[in-house]
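# Tertiary structure, described
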Amino acid sequence: DAGITQSPRHKVTETGTPVTLRCHQTENHRYMYWYRQDPGHGLRLIHYSYGVKDTDKGEVSDGYSVSRSKTEDFLLTLESATSSQTSVYFCATNGPMRQTNYGYTFGSGTRLTVV
Amino acid sequence: DQQVKQNSPSLSVQEGRISILNCDYTNSMFDYFLWYKKYPAEGPTFLISISSIKDKNEDGRFTVFLNKSAKHLSLHIVPSQPGDSAVYFCATKAGGRDDKIIFGKGTRLHILP
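## Things to note about the overall build of chain A
Within chain A, the regular secondary structure consists of one helix and 11 strands. Taken against the 2.2 N^0.38 rule, which gives 13 Å for 115 residues, the C-alpha radius of gyration of chain A at 13 Å falls within 12% of a compact globule. Across its three principal axes, chain A shows a C-alpha extent of roughly 40 × 30 × 25 Å. Here chain A holds 115 residues, and 52% of them are scored as buried. Looking at chain A alone, contacts between residues at least 24 apart form 55% of all its contacts between residues at least 6 apart. Per element, the accessible surface of chain A, about 5400 Å² overall, is 47% carbon and sulfur. For chain A, the distance from the average position of its 12 positive side-chain charges to the average position of its 11 negative side-chain charges is 3 Å.

Here's what the structure looks like:
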């Protein structure tokens, strides 16, 4: 278990408000990722990080920003939440390698509802 | 444009029978493929993988077959059990330094009693 904790697990917020989701890992993995899961779309990459202060965009990055000031924490911020950002958000790291055969370990997810 | 396609959104299989989940990909340069399983209210978990140097990989009841010429892979579950009811995602490593994984849209498998 890579020890990935996502917080909060559930959140309801109003349109136009900023929201920050947190991902915390205890395994010192270099790479971290934020995905969203939506019906009919599967898992889509929002942003990822390949080290402290090193981040890059994924395929659905509009409206989102990220920060990684420490190896263990990767924050996802919705600058001004919209209803289209209602989704389940998953954080992932690239390990542990032997258990995932060079795939990812995922957190349990954050269910975000924007009303 | 989808690079990993799972064309069946859902599949129902009788308990004890074989479940076959299919996946197609577009880029012949992809060389490593993975299957993830996801239960409701949980994160996806790694199930099985295959490298492009192989055409089959087996782990207990789960077998993945890779047909490189057809750019197609399939996951076989034999025999299917009630606990196999979940969403299954096909995925591939995109390569490069950022270690990204590209996922399909998923197939929801229902195991019928």
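## Points about the packing of aromatic side chains
What the rule picks out here adds up to 18 aromatic pairs over all chains. Both rings, one in Phe106 of chain A and one in Phe103 of chain B, keep their centres 5.9 Å apart while their planes meet at 65°; by these two values the pair is edge-to-face. Of the two residues, Phe106 of chain A sits in strand 10 (residues 105-106) while Phe103 of chain B sits in strand 10 (residues 101-103), which places them in two different chains. Taken as a pair, Phe106 of chain A and Phe103 of chain B share a single burial class, namely buried.

Calculation criteria
- Residues numbered from 1 in each chain as written.
- Chains lettered and ligands numbered in written order.
- Predicted model: local features only at pLDDT ≥ 70, side-chain atom pairs only at ≥ 80, totals over all residues.
- Heavy atoms only, no water.
- Helix = DSSP H or I, 4+ residues; strand = E, 2+ residues; numbered from the N terminus.
- Rg over C-alpha atoms; globule rule 2.2 N^0.38 Å.
- Buried < 20%, exposed > 50% of the residue type's maximum accessible area, 1.4 Å probe, protein only.
- Contact = heavy atoms within 4.5 Å.
- Areas by Shrake-Rupley, 256 points an atom, 1.4 Å probe, with all protein chains shown as cover.
- Lys, Arg positive; Asp, Glu negative; His and termini not counted.
- Charge placed at Lys NZ, Arg CZ, Asp CG, Glu CD.
- Phe/Tyr/Trp six-rings, centres within 6.5 Å; stacked < 30°, edge-to-face > 60°.

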